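Architecture at a glance
Listed below, chain by chain, are the residues.
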Amino acid sequence: MSRYNFRESEAKWQQRWRERQTFTAQHDPTRAKYYVLEMFPYPSGKLHVGHVRNYTMGDLVARYRRARGYNVLHPMGWDAFGLPAENAAIAGGIHPAIWTAENIATMRAQLQRMGFAYDWSREIATCHPEYYRHEQKMFLDFLAKGLAYRKESWVNWDPVDHTVLANEQVIEGRGWRTGALVEKRLLAQWNLRITKYSDELLDALKSLDRWPERVRLMQEHWIGRSEGARVKWALSDGKTAIEVFTTRPDTLYGAAFLALSPHHPFSQELAKTNPALAEFIAECDRIGTSEEAIETAEKRGYDTDVEAIHPLDKTRRVPVYIANFVLMEYGTGAIFGCPAHDQRDLDFARKYKLPVIPVVLPPEADPKSFAIDDIAYVDDGTIFNSSFLNGLSVADAKRTVGERLEASGTGERTIAYRLRDWGVSRQRYWGCPIPIIHCADCGIVPVPESDLPVKLPDDVEFDAPGNPLDRHPTWKHVACPRCGKPAMRETDTFDTFFESSWYFARFCSARAPVAFERDAAQYWMPVDQYIGGVEHAVLHLLYSRFFMRALKECGYLDLEEPFAGLFTQGMVCHQTYQNAEGEWLFPEEVTSDPAGRMIDATGRPVVAGRLEKMSKSKKNVVGLDDIVDTYGADTARLYLLSDSPPERDLEWTDTGIEGIWRYVNRLWRLVSEPVVALPPVGTAIPADLSPELAAIRRATHKMIAAVTDDIDKFRFNRAVARIRELSNALEGITGGNDAAGAVMREGLETVTRLLGPMMPHLAEEMWQHLGHGDMLADVAWPQADAALARDEQVTIAVQVNGKLRATLDLPRDAAVNEVEEAALALPQVARLLDGKTPRKVVVVPNRIVSVVA
RNA sequence: GCGGACGUGGCGAAACGGUAGACGCAACGGACUUAAAAUCCGUUCUCCGCAAGGGGGUGAGGGUUCGAGUCCCUCCGUCCGCACCA
């Protein structure tokens, strides 16, 4: 009994594909294209099996589409800028460029060993100047169009590392690496005007019908469109007016206070002459912007002693507070509080003893007795206590008050978005330099296009915290391009999401001297099937949609949506182990004591933790090289496809991969030691087959149709199950006659072709073994013969009063009355009917008879 | 708090509103073997029954339907996203 020699076979076929450039994509407008892309990896070191699930899915789609006759583009590249490279430089003294290049070499070799059908001639790495020079140009074009601008904004600042931190990098108010208390700082940052497209980005979500509903919803919420009104409140000082944003202008007569963000210009102004207020604001800033901090922070206000005049009733005045819960970034940075109809406002009013005036009356409530206790009333009702709005519904009142505000010039109906502009400045070395020069006389001066790219200097030191570019002795000192006097380069670099916002379009013409060759982009874009993790739902996937629009505005491309189809795959999980201290342990560190309890090396108890996503920190990764060495790439690939639905998490188990390995060998034996002699390639199948062989043939053609449909719908686990069903059936073929051989050959060739996109090396090997001289990679996808797939005999279920009582084997498409007669004649049915006529009989052709007694 | 997804054997999972548990993992029994591995055959939702057969079963409860794992309502639980958003 032979075993499949995956080592020899996989190397052999990978070499053939490479030699023949099987997967090199050619621009050919006469052919229908299909662009398959997996989110490109960050070259962090070595791949583990959890990394390759989405590449395996992408490869299946790419090879399947190729077999279906499409001109397929399936490229691969490296998201090569980022913090881990710098951290490695700090920790290990290796230059980020070298660390990155080494990791790319390792990971490229790993992907090649997996046999993925990439067009390697289009490989890109975002850290190369040939790549990032184009985004420097894009940035200058954005600047010229007003899509990029510099603005002071409040950021999380790590005082030890001297860098801005993203909200995700702030844990319990402290920097994730340094543990230092994070400060809020007002810092000049480059921003991209993504908010210009808020409405477009929101509306176009509807057109993305091949995106998961979940991702569309997440983007919708992230953009966060709310209709409301801006309302101007004059202050008692007679000079200032505060504009507030509200979604509930109908409750304006219930106003009890105004609350301003600590960062509101008026707050800052007051603080200049009011030390107590200045201290209050400083305290608010210390709390930080982490979720944790926000959740635990008490709602606090500072009474300014200033009063605001009600815009609809000049005789009414409300106090003006500075409050820690009002965000400068949303709306106008100021709100009016209506305690009766907003829970947070109510809590605030109770705390500071402010009046609570109900203005929305719940249905059937008594206006004389209705009062608010601890719960604000936020539902619909009838407006009362509100002058000209009395008696209106909430919706009508919103419209009426809006009109009144607009007529009186004290406000206007407007729309607020949650989405904020994208701050792209990072105080880091390993990123794309921002092509800007700061001149004392000329101000901000763009680097002239002829001077691009602005390359990163190689000679940098990582011995001190902060940005090495800033400390570099010469790099940042340049002559101002405008006046020629000494000036300074911008030393911030771009957020690495900048690079990933356009790489997919670069693949269309990866070696072009310009960012995009129009013809190529026109032909290949958009990406037909994008595959990646859901963690990018509102980051990369939103930024990229924005980028396409911005690039269109700047004349680069003529496209809005980059990804026509999106699939978000589940993670690969694996067993974890933790000791009593909560420290993660490698599986090999866990042993058991004589009583069978799990212990670590020092004898302390260990608990088998829950399944977690494979990650180095949880010590539960399974190395890809180990698996490919032991079982081969195809076995790993099939396991990643077979065990769980692609969108759900997959549990990696040793027994699971063993099971696939056994199946691989069964398949191999099926073709290498066939139990039935196979006729030559192309031998016709006799028309008159035994019922057993006819059934096998029918199964073969049914499977072609079913597997094709499954792959189209991303139900890969079911496709695998069906292929196994077919191969199980083929194992059952007996008898040495020619008909059996012919049916066996058809079945084996079908299994081989269906497996091609999943286990390409084994399938090539099987194809060759079956006597074919061509490469399976060049063979078309099989076609199901509908006539052959049709059942001649069907099994019909018979229910009596909703319970299954019998089954009935009848010819396909038997007449309804015959089916009914046959069902009623069944002894099980007759017994239950007890001689009575059924009240009703429902016959669903070829499926079921439902008898109601 | 808001939004979304999910809940089916010991486990991963299948099931156009139409025979619940395909396919696999694990377990058990058997064959082959001096033995093991590998391989092959069989059994495995549950209860009653020797069997033939029958009862029950898709988180809980209700509804629609000839028929519900699937659709609707209420509840319970798990997971995910957003969150002082005015």
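For the structure itself, look to the data block above.
Here's a quick rundown of the structure. Quick caveat: nothing in here was measured; it's all calculated off a predicted structure. Residue numbers restart at each chain and count upward from 1, following the sequence in its written direction. To label them, take the chains in the order written and letter them from A, then take the ligands in the order written and number them from 1. Local features are withheld for residues below a pLDDT of 70 in this predicted model, meaning they are given only at 70 or higher, and side-chain atom pairs are given and counted only at 80 or more; totals for whole chains, interfaces and linings count all residues. As a rule here, side-chain values come from all non-hydrogen atoms in the structure, and water together with hydrogens is ignored.

**Some details on the sheet that holds strand β19 (residues 422-423)**
Adjacent strands of a sheet pair through backbone hydrogen bonds, lying either parallel or antiparallel. We apply this condition: At least two DSSP bridges between two strands are needed for those strands to be called paired. Under the scheme used here, helices are H or I runs from DSSP no shorter than 4 residues and strands are E runs no shorter than 2 residues, and both carry numbers assigned from the N terminus.
What the four strands build is an open sheet, ordered β6-β5-β9-β19; its pairing is antiparallel. Each end of this open sheet is capped by a strand with a single partner; those strands are β6 (163-165) and β19. Judged from the 10 bridges that link them, strand β5 (residues 148-158) and strand β9 (residues 183-192) form a sheet pairing that is antiparallel. The residue bridging E152 from the neighbouring strand is A188, located in β9.

**A word on the packing of helix α3 (residues 83-92) against helix α4 (residues 96-113)**
Definition in use: Throughout, an axis means a line fitted to C-alpha atoms (over the contacting stretch in the case of helices), and angles, computed between N-to-C directions, take values from 0 to 180 degrees. A clockwise turn of the near helix away from the far one marks a right-handed crossing, whereas an anticlockwise turn of less than a right angle marks a left-handed crossing. The contact criterion used throughout is that any non-hydrogen atoms of two residues lie within 4.5 Å. In this count, Pro and Cys sit with the nonpolar residues alongside Ala, Val, Leu, Ile, Met, Phe, Trp and Tyr, while Asp, Glu, Lys and Arg are called charged and the others, Gly among them, polar.
Between α3 and α4, the least distance of the axes is 8 Å, while the angle of their chain directions is 115 degrees. For the element pair α3 and α4, the recorded crossing hand is right-handed. Of α4, the residues touching α3 (which contributes P84, A85, E86, A88 and A89) are P96, W99 and T100. Its residues assigned to classes, the contact of α3 with α4 shows six nonpolar, one polar and one charged.

**Remarks on unusual backbone geometry**
Between L452 and P453 the backbone carries a cis peptide bond, its omega angle lying at 0 degrees. Relative to the elements of secondary structure, P453 occurs in the loop between β22 (443-446) and α13 (468-471). The linkage connecting M525 with the following residue, P526, adopts the cis geometry, with an omega of 0 degrees. In this fold, P526 is placed in the loop between α15 (518-524) and β26 (529-532). For E364, which is not glycine, the phi dihedral falls at a positive 65 degrees. By secondary structure assignment, the location of E364 is in the loop between β16 (360-361) and β17 (382-383). Phi angles above zero are rare outside glycine, and N846 is one such case at about 65 degrees. Its place among the elements puts N846 in the loop between β36 (840-844) and β37 (848-852).

**Quick word on the protein's contact with RNA strand B**
We count it as follows: Each residue is tested against the molecule or strand, and it is near if at least one of its non-hydrogen atoms lies within 4 Å. Think of a polar contact as two N or O atoms within 3.5 Å of one another; within protein, one of them needs to be a possible hydrogen donor and the other a possible acceptor, and neighboring residues in sequence only count if both atoms come from side chains.
Taken together, 54 residues form the shell around RNA strand B, and within it T247, K299, L327, R718 and S850 come nearest. Residue R662 places a side-chain N or O atom 3.1 Å away from a phosphate oxygen belonging to RNA strand B. At 3.1 Å, a side-chain N or O of R805 approaches a phosphate oxygen of RNA strand B. By residue number, the principal contributor to the surface near RNA strand B is helix α21 (residues 716-731), which donates six residues. Its residues placed into classes, the surface near RNA strand B shows 20 nonpolar, 14 polar and 20 charged.

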